[in-house]
Amino acid sequence: DDQAQVGEGDREDNLAFSAVPLRIRGVNDAGPDFSLCGLSVTSFEGIEGGQRPLIPLGEQLRAEVCIANLGDRPVIETPYAIYLSEDAGLDEGDLLLARGVEQAIGTEDRLNFEALLDIPIETPPGVYRLLAIADPEESVLERREDNNLRVSPVPFELVEPGEVEGVDLVVT
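So, here's what we can say about the structure.

A word on the side chain of Thr-78
Among the secondary structure elements, Thr-78 is positioned in strand S4 (residues 78-85). Given the relative accessible area of 0%, Thr-78 is considered buried. Looking at Thr-78, its side chain comes within polar contact range of the main-chain oxygen of Gln-103, at 2.7 Å. Beyond its immediate stretch of four places on either side in the chain, Thr-78 contacts Phe-34, Ile-67, Gly-100, Val-101, Glu-102, Gln-103, Ala-104, Ile-105 and Leu-111.

Dropping the structure here:
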């Protein structure tokens, strides 16, 4: 009541400070909204449909990631993380393969980038998928938080080195 229009006996208690920064939006302002619009493993291009890709432990995968901003405010930075998972859900058992920050995304715009992922040799062999998440620390106040995760559509199998049939180059 900075105009002193409400009849109060004590005006000394009408001011407070917060150690936490506040973000004020307009009534019609929804803010930014990250959405994972794509996740594919470009390393799997050329593999026939119906075949499960076999990847030797210790190898690299090349992934294509698409993050969109469906909101009505641009974002200055686009944080992301990519995990190796035995299922389609992100949990504490998943292995972090990459984390980074990409460039700004305007309103109703999208960002495509490629990530080179090292598969640790000590990973247990098995069937996995990639999971990509935008804003993994939830540091950007968004309109929706439930559209930040994407699962790679093709599961792949991690195997011990030497178990993949095909070309074997030898340096002599």
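Continuing now.
A short note on the pairing of strand S7 (residues 126-134)
Where burial is concerned, most of S7 is hidden: seven out of the nine residues are buried. When S4 meets S7, the two strands line up antiparallel, connected through six bridges. Within S7, the position partnered with Ile-82 by the bridge is Ala-132. Pairing between S7 and strand S8 (residues 149-151): three bridges, direction antiparallel. Bridge pairing links Ile-133 to Leu-149 in S8.

Re the sheet that holds strand S1 (residues 34-41)
Reading across from one edge, S1-S3-S6 is the order of the three strands in this open sheet, with antiparallel pairing throughout. Here the strands that pair on one side only, and so sit at the sheet edges, are S1 and strand S6 (109-118). Along the sheet, successive strands turn relative to each other by an average axial angle of 20 degrees, direction set aside. Alignment of S1 against strand S3 (residues 60-69), held across seven bridges, turns out to be antiparallel. Considered in S3, the bridge of Val-41 is made with Ala-63.

Calculation rules
Just so you know, the residues in each chain are numbered from 1, in the order the chain's sequence is written. A pLDDT threshold of at least 70 governs which residues receive local features in this predicted model, and a stricter bar of 80 or more applies before side-chain atom pairs are shown or counted, although totals over entire chains, interfaces and linings include all residues. No hydrogens and no water enter the side-chain calculation; it runs on all heavy atoms of the structure. Secondary structure elements are defined from DSSP: runs of H or I of at least 4 residues count as helices, runs of E of at least 2 residues count as strands, and each element is numbered from the N terminus. A 1.4 Å probe rolled over the protein chains alone gives each residue an accessible area, and that area as a share of the maximum for its type sets the label: buried under 20%, exposed over 50%, partly exposed in between. Any pair of nitrogen or oxygen atoms within 3.5 Å is treated as a polar contact; in protein, a donor-acceptor pairing is required on top of that, and neighbouring residues in sequence qualify only through side-chain atoms on both sides. Between two residues, a contact is recorded if the distance between any of their heavy atoms is within 4.5 Å. Here a strand pair is declared whenever DSSP counts at least two bridges between the two strands. Axes here mean lines fitted to C-alpha atoms, for a helix over just the part in contact, with angles spanning 0 to 180 degrees between N-to-C directions.

These values are about where atoms sit, not about what they do.
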